[in-house]
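Summary of structural features
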Amino acid sequence: MSKDMNNNIILIGFMGCGKSSLGVRLSYRLRWPLTDTDKMIERRNRMTVSEIFGRYGEEAFRQMETQCLERLLGRKDPQVIAVGGGLPLREANRELLGKLGTVVYLRVKAETVCVRLAGDTTRPLLSGDRPEEKVRSLMRERSGIYESIADIIVDTDDRNIDDIADEVLELRAAGN
Ligand code: S3P
């Protein structure tokens, strides 16, 4: 299936970059449904992401993410899709994302993530000691991957959601 056949907007980026919040705003402005892969997986399994990591492990969760994308490829109407921060790590997922539509990378600084996610208990990869170090090290590993598949890159630090939504919609309309 070629990219022309899939008009979706897919939001990628590190945990805490604002994918879910921007997803809600874009969905409202475009009148398109919003799908969040984490929520899809939680609903299907009737478990939280942390419980899935705890019981089945990260690899099983990544497999579930791939299945989500395959299911989404079968949907015809355009939608806004927010994906988990680690989903683009798998090459198979990067290919599927490319087929699904316009990939928007929400770039964020590690400091911003640390402030936003201070006290968060829902991200298993940041649980335990020294979450700041984990953020920095994961971000180092991932930034290049996010950039490599992005059709649009938007910086999100110190900006409000409407401002970011405006930029995404303008860049998309301009064919970026
Ligand atoms: C993860 C990000 C999370 C969730 C899981 C793993 C990651 O989603 O999928 O905890 O590997 O970065 P958010 O990016 O929505 O926090």
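A short tour of the structure in this document, coming up. Predicted model only: the values in this text are computed from it and were never measured.

1. A look at the overall build of the protein chain
Check the secondary structure of the protein chain and you find eight helices and five strands. For the protein chain, the succession of helices and strands along the chain, N to C, is β-α-β-α-α-α-β-α-β-α-α-β-α. Taking 176 residues into account, the globule formula puts the C-alpha radius of gyration at 16 Å, and the protein chain, at 15 Å, falls close to it. Burial statistics for the protein chain: of 176 residues in total, 44% are counted as buried. Intrachain contacts of the protein chain at a sequence separation of at least 6 include 75% that bridge at least 24 residues.

2. Notes on the site of the ligand
Taken together, the neighbourhood of the ligand is formed by 14 residues, with K19, D38, R62, R123 and R142 sitting nearest. Within the contact set of the ligand, an oxygen atom lies 2.7 Å away from a side-chain nitrogen or oxygen of R62. Contacts to the ligand include R142, whose side-chain N or O atom sits 2.6 Å from an oxygen atom. For the ligand, the accessible surface in isolation is 380 Å², of which the surrounding protein chains cover 96%. Going through the elements one at a time, α3 (49–56) and α4 (58–73) are the ones with two or more residues in the shell around the ligand. Its residues assigned to classes, the shell around the ligand shows six nonpolar, three polar and five charged.

Here is what the cut-offs are and how they apply
- Residues numbered from 1 in each chain as written.
- Predicted model: local features only at pLDDT ≥ 70, side-chain atom pairs only at ≥ 80, totals over all residues.
- Heavy atoms only, no water.
- Helix = DSSP H or I, 4+ residues; strand = E, 2+ residues; numbered from the N terminus.
- Rg over C-alpha atoms; globule rule 2.2 N^0.38 Å.
- Buried < 20%, exposed > 50% of the residue type's maximum accessible area, 1.4 Å probe, protein only.
- Contact = heavy atoms within 4.5 Å.
- Near = heavy atom within 4 Å.
- Polar contact = N/O pair within 3.5 Å; in protein donor to acceptor, adjacent residues only side chain to side chain.
- Areas by Shrake-Rupley, 256 points an atom, 1.4 Å probe, with all protein chains shown as cover.
- Nonpolar A, V, L, I, M, F, W, Y, C, P; charged D, E, K, R; others polar.

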